[in-house]
There are 2 protein chains.
Amino acid sequence: MPERDLISYVRALGAEAPHWLRLGIGDDAAEVALPGGESFVVSADMLVAGVHCRSDEAPQRIAAKAVARAHSDTAAMAARPLCTLVTAALPGDWDDDRGRQLCQGLWSACSAIGAPLIGGDVSSTDGPLVLSVTALATPGPAGVITRAGARVGDAVCVTGKLGGSLLGRHLTFSPRIPEALALVESCNVHAMIDVSDGLSTDLLHIAEESGVGVEIRGVDVPVSAAAAALSQQDGRSPLEHALHDGEDYELLFCLAPPEAERLAEEGVAGVEVSIIGRVIEGGDTVLLRDDGTHCPLRASGWEHGA
Amino acid sequence: MPERDLISYVRALGAEAPHWLRLGIGDDAAEVALPGGESFVVSADMLVAGVHCRSDEAPQRIAAKAVARAHSDTAAMAARPLCTLVTAALPGDWDDDRGRQLCQGLWSACSAIGAPLIGGDVSSTDGPLVLSVTALATPGPAGVITRAGARVGDAVCVTGKLGGSLLGRHLTFSPRIPEALALVESCNVHAMIDVSDGLSTDLLHIAEESGVGVEIRGVDVPVSAAAAALSQQDGRSPLEHALHDGEDYELLFCLAPPEAERLAEEGVAGVEVSIIGRVIEGGDTVLLRDDGTHCPLRASGWEHGA
């Protein structure tokens, strides 16, 4: 509930936003124009041990995930990484070694992305580790791509494979920065988002922000091997995992069908692209089953527990 | 120890910093230049309940402090507030009302400073409340003032009165934004910092970054009524509180003596200015006692416990 509140406060700016603020580009990111006309993109994301990763996970892996999540948000806007700030609350029982591994992990992850760590703050806490990462970026060659531009008739595409990230990928993914930049260099992308909350939930974000509906063909959703493995453990179908698991951090985007078909053949920056559906009129997100029947695609993404 | 590590990693950038990064402007803030030549200032600061405030403090007051601390960092660089992002980890036992009060407090504090809340993230935690605030600003009329420009012969000045902020002011202060902007409009300020860690510690930051020494006259340090009140409780002298308490969030700056004398007479933006000492050769920070003797002024600022 408080989360909805914070977002609604931020959204309220839409009505009376300063001229330099270009909103509507996702919950956690904004494009800010400076007085002289240049702009930058900024996103802030929090990672809490026990909520977004296990508390006993290796510090370097926690650091890498925190940095990658924040820069996945700006990647989904097809922005170029600029720099990173990190604040950290370290548990009182962490020894120096553990703290040093975390700092090295943060430093390395930021450098690898091309967004150097330029500042931050470290505090102690009686609770679990908390990291907050601020990702700064500059608009890419096509400017900033938002969730709001999908058009009726567009193809809906996704990079990579979805589902089952809990088995490991949620800690080890790379934000799709080169892929997003390559996409906008070769195609006219109308709307884009990263799949963080789950395909079903993030499709709804695009539908809502663009004022359109989306129809997804279940048979065309790219299901990861991890989703299949998880399915054997819990009895939910691999497709359900691919639709709802979240933390895939793949790119979900809409563009004209001919461009989508080319991408489906060629991929982008070495990564496969799947056409999973199309943009339709109305505000519904719909799943087209194998047997030809439709059902509502309910948003039911979830956060990984510890 | 980990804090030193993070800062040392950031400082290591000094050797091979990208051309767009202008460092040396404080632990937690940086000026970043965009490709076209415009720049912005960014600072990130973390507040942990139980460390920086009492856990049972009113949410609005916690929110106000968190926002004010981050923007005090950019104010000390004489930058103009631009916008704010906040990430929050809310304790599981907080009810909706408490969360809503926090969000409203964040929103109000950002608006009051003229740096609207434009984004963020909310999570839950098993531990205490954690807030991370990213303050964004644009360089003021004199560009960015760092800690590194103090010159031998400069007067050392401070706004307001120091010490005893634990009695309340650490929660209710306003960052010295109008004062800093007025300062650089009327004077040539060589170096500046906000007094967050304690006068003794922050003087050392200026001395180290500028490669100079500082001599402070104890009798000229402006002591707050709260420092006197606290002195009666704990037996430490009011001057000791003024020198070491921290969290005053006043401006500490160095400039030519004639300008300092004018400020001491006229104040700045309605706030009193005191000349407390002078910049000397060497790297020492020295306290000149009432009886004419000198002693080393050791950095012993401290953080408020809960």
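This write-up is about the structure you can find in this document.

## With respect to the packing of aromatic side chains
The geometry of an aromatic ring pair is captured by the separation of the ring centres together with the interplanar angle, meaning the angle of the planes.
Next, step 1: Summed over the entire model, instances satisfying the criterion amount to three aromatic pairs over all chains.
Next, step 2: Aromatic side chains F40(A) and F40(B) sit 4.1 Å apart centroid to centroid with 20° between the ring planes, which places their arrangement in the stacked category. Residue F40(A) is located in strand β3 (residues 39-48), and its partner F40(B) is located in strand β3 (residues 39-48); the two belong to separate chains. With respect to class, F40(A) is no different from F40(B); both count as buried.
Next, step 3: Both rings, one in F173(B) and one in Y249(B), keep their centres 4.0 Å apart while their planes meet at 10°; by these two values the pair is stacked. With F173(B) in the loop between α4 (169-172) and α5 (177-186) and Y249(B) in the loop between α8 (238-244) and β10 (251-255), this pair connects stretches of sequence that are 76 residues apart. When sorted by exposure, F173(B) lands in the same class as Y249(B), which is buried.
Next, step 4: The ring centre of W94(A) lies 4.6 Å from the NZ or CZ of R98(A), which sits over that ring.

## Details of the sheet that holds strand β9 (residues 213-217) of chain A
Residues and elements named next belong to chain A.
Next, step 1: Across the sheet, which stays open at both edges, the seven strands sit in the order β8-β10-β7-β11-β9-β12-β13 with mixed pairing between neighbours. For this open sheet the edge positions go to β8 (191-194) and β13 (294-296), each flanked by a neighbour on one side alone. Geometrically, the sheet is characterised by an average inter-axis angle of 25° between neighbouring strands, direction not taken into account.

## Thoughts on the sheet that holds strand β12 (residues 285-288) of chain B
All names here are of chain B.
Next, step 1: Strand order in the open sheet formed by seven strands is β8-β10-β7-β11-β9-β12-β13, and the pairing between neighbours is mixed. Two strands close off the open sheet at either side, each with one partner strand: β8 (191-194) and β13 (294-296). On average, each strand axis in the sheet is tilted by 25° relative to the strand beside it, whichever way the strands run.
Next, step 2: Relative to strand β11 (residues 273-280), strand β9 (residues 213-217) runs antiparallel, the two being bridged by four bridges. Bridging from a neighbouring strand, E215 pairs with R278 of β11.

## Considerations on the environment of L288(B)
Residue and element names in this part refer to chain B.
Next, step 1: Within the secondary structure, L288 is located in strand β12.
Next, step 2: Along the sequence, L288 and Y249 sit 39 residues apart, while their C-alpha atoms lie 24 Å from each other.
Next, step 3: Apart from the residues within four sequence positions on either side, L288 is in contact with E215, I216, R217, G218, T293 and H294.

## Examining the pairing of β12(B)
Residues and elements named next belong to chain B.
Next, step 1: Side chains T285 and L287 of β12 all project onto a buried face; the interleaved residues V286 and L288 project onto the opposite face, where all are buried too.
Next, step 2: Pairing geometry for β9 and β12, over four bridges, is parallel. Counterpart to E215 in the pairing with β12 is V286.
Next, step 3: The pairing of β12 with β13 spans three bridges and is antiparallel. The residue of β13 that forms the bridge with V286 is P296.
Next, step 4: With antiparallel pairing between neighbouring strands as the criterion, β12 and β13 make up a hairpin whose turn holds five residues, including G292 at a positive phi of roughly 90°.

Rules of the game
- Residues numbered from 1 in each chain as written.
- Chains lettered and ligands numbered in written order.
- Predicted model: local features only at pLDDT ≥ 70, side-chain atom pairs only at ≥ 80, totals over all residues.
- Heavy atoms only, no water.
- Phe/Tyr/Trp six-rings, centres within 6.5 Å; stacked < 30°, edge-to-face > 60°.
- Helix = DSSP H or I, 4+ residues; strand = E, 2+ residues; numbered from the N terminus.
- Buried < 20%, exposed > 50% of the residue type's maximum accessible area, 1.4 Å probe, protein only.
- Lys NZ or Arg CZ within 6 Å of the ring centre and 35° of its normal.
- Pairing = 2+ DSSP bridges.
- Axes fitted to C-alpha atoms, helices over the stretch in contact; angles between N-to-C directions.
- Contact = heavy atoms within 4.5 Å.

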